[in-house]
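Chain by chain, the residues:
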Amino acid sequence: GAGVSQTPSNKVTEKGKYVELRCDPISGHTALYWYRQSLGQGPEFLIYFQGTGAADDSGLPNDRFFAVRPEGSVSTLKIQRTERGDSAVYLCASSPIETVFSGANVLTFGAGSRLTVL
Amino acid sequence: GENVEQHPSTLSVQEGDSAVIKCTYSDSASNYFPWYKQELGKGPQLIIDIRSNVGEKKDQRIAVTLNKTAKHFSLHITETQPEDSAVYFCARKGDTGRRALTFGSGTRLQVQP
């Protein structure tokens, strides 16, 4: 597609429920990132995929968070047993492989999925 | 570590004036410094970036300067316009450690017409 698509744009859930957030990156972008942005803060890194594999998942806050990218394109961020502190905007970004290896890591972000945990 | 400190958190200028936002970092292995602009309800968008082998880069009304010795870099916007109003984020990345951008906390720029 023309840009990075994220669904849903808004998700309201109750504490303890399971949530899935989807990211459809730009076609041909092999690198995919998930970030979390709390109100008034900068994006906070969660996980980075190179192709199908998670190259760096050091930003995932705990084992309730998990992400997959089974075919190297669409990715799903999964949050189990949601807590009120998980409320944030979850941003997905993608970049072409050339910029990753060149060091100039140009990210194209989606509009984000706003998660509210009541 | 890999953190980035960004100042100021808010900035209000008159239309036509210049705006400067500054970021400092501590990891000497940092070698890539982009700036992103985020408008309400949208994801951040790259506006300019600089590599560590360059001291300054300019693109029309925006410029970025890098001081590797002092470990800080700045965004300069000249002749500001109301449409420049947004939140601006600096970021950094190095070849070691995390292979993803680390962002600053953001600066909300308000350009008064």
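Nothing here was measured: the structure is a model prediction, and the numbers come from that model. (Residues numbered from 1 in each chain as written. Chains lettered and ligands numbered in written order. Predicted model: local features only at pLDDT ≥ 70, side-chain atom pairs only at ≥ 80, totals over all residues. Heavy atoms only, no water.)

(A) Quick peek at the state of the cysteines. Summed over all chains, the structure comprises 2 disulfides over all chains. Covalently, C23 of chain A is tied to C92 of chain A through a disulfide, its sulfur atoms 1.9 Å apart. Around the S-S axis, the bridge from C23 of chain A to C92 of chain A shows a dihedral of about -70° and counts as left-handed. Of the two residues, C23 of chain A sits in strand 3 (residues 19–24) while C92 of chain A sits in strand 9 (residues 88–95), which places them 69 residues apart along the sequence. Exposure class is identical for C23 of chain A and C92 of chain A. Each is buried. Each disulfide pairs two cysteine sulfurs, and for C23 of chain B the partner residue is C90 of chain B, the sulfurs being separated by 2.0 Å. Linking C23 of chain B and C90 of chain B, the disulfide has an S-S dihedral of approximately -95° and is accordingly described as left-handed. Here the residue C23 of chain B occupies a position in strand 3 (residues 19–25), and C90 of chain B occupies one in strand 9 (residues 86–94), the gap between them amounting to 67 residues. (Disulfide = S-S within 2.5 Å. Helix = DSSP H or I, 4+ residues; strand = E, 2+ residues; numbered from the N terminus. Buried < 20%, exposed > 50% of the residue type's maximum accessible area, 1.4 Å probe, protein only.)

(B) Here's a closer look at the sheet that holds strand 7 (residues 65–68) of chain A. Residues and elements named next belong to chain A. Strand order in the open sheet formed by 4 strands is 1-3-8-7, and the pairing between neighbours is antiparallel. On the outer flanks of this sheet lie strand 1 (5–7) and strand 7, each paired with one strand and no other. For this sheet, the mean inter-axis angle between neighbouring strands, taken without regard to orientation, is 15°. Bridging between strand 1 and strand 3 involves 3 bridges; their strand directions are antiparallel. Counterpart to Q6 in the pairing with strand 3 is C23. (Pairing = 2+ DSSP bridges. Axes fitted to C-alpha atoms, helices over the stretch in contact; angles between N-to-C directions.)

(C) Examining the environment of Y18 of chain A more closely. All names here are of chain A. Along the chain, Y18 turns up in the loop between strand 2 (10–13) and strand 3. In this structure the C-alpha to C-alpha distance between Y18 and I79, which are 61 residues apart in sequence, comes to 5.8 Å. Ignoring sequence-local partners within four residues, the contact set of Y18 consists of K78, I79 and Q80. Side-chain polar atoms of Y18 contact the side chain of E20, separated by 2.6 Å. (Contact = heavy atoms within 4.5 Å. Polar contact = N/O pair within 3.5 Å; in protein donor to acceptor, adjacent residues only side chain to side chain.)

(D) Inspection of the nonpolar core at higher detail. If you look at the biggest cluster of nonpolar residues, it comprises 22 residues, and the most contacted ones within it are W35, F73, L75, I77, Y88 and L109 of chain B. Broken down by element, the residue count for this core peaks at 4 residues, all from strand 3 of chain B. Those residues in contact with F73 of chain B that lie beyond four places of it in its chain are V4, I21, K22, C23, Y25, F33, P34, W35, T65, L66, C90 and A91 of chain B. Core analysis: the second largest hydrophobic core is formed by 20 residues, I26, L32, L60 and C92 of chain A among them. (Core = buried A, V, L, I, M, F, W, Y, C linked by side-chain atoms within 4.5 Å.)

(E) Just the interface of chain A and chain B, in detail. Counting residues at the interface gives 23 residues for chain A and 19 residues for chain B. Summed over both partners, the interface of chain A with chain B comes to about 1600 Å²; 54% of that surface belongs to carbon and sulfur atoms. Where chain A packs against chain B, one counts 0 salt bridges. For the interface between chain A and chain B, the tally reads 3 residue pairs in polar contact (both at pLDDT 80 or more). Mapped onto the side of chain A that touches chain B, the elements with two or more residues apiece are strand 4 (31–37), strand 5 (44–50) and helix 1 (97–102) of chain A. It is strand 4 of chain A that contributes the most residues to the side of chain A that touches chain B, 3 residues altogether. Its residues assigned to classes, the side of chain A that touches chain B comprises 12 nonpolar, 10 polar and 1 charged. (Buried area = accessible area lost by both parts, 1.4 Å probe. Salt bridge = Lys/Arg side-chain N within 4 Å of Asp/Glu carboxyl O. Nonpolar A, V, L, I, M, F, W, Y, C, P; charged D, E, K, R; others polar.)

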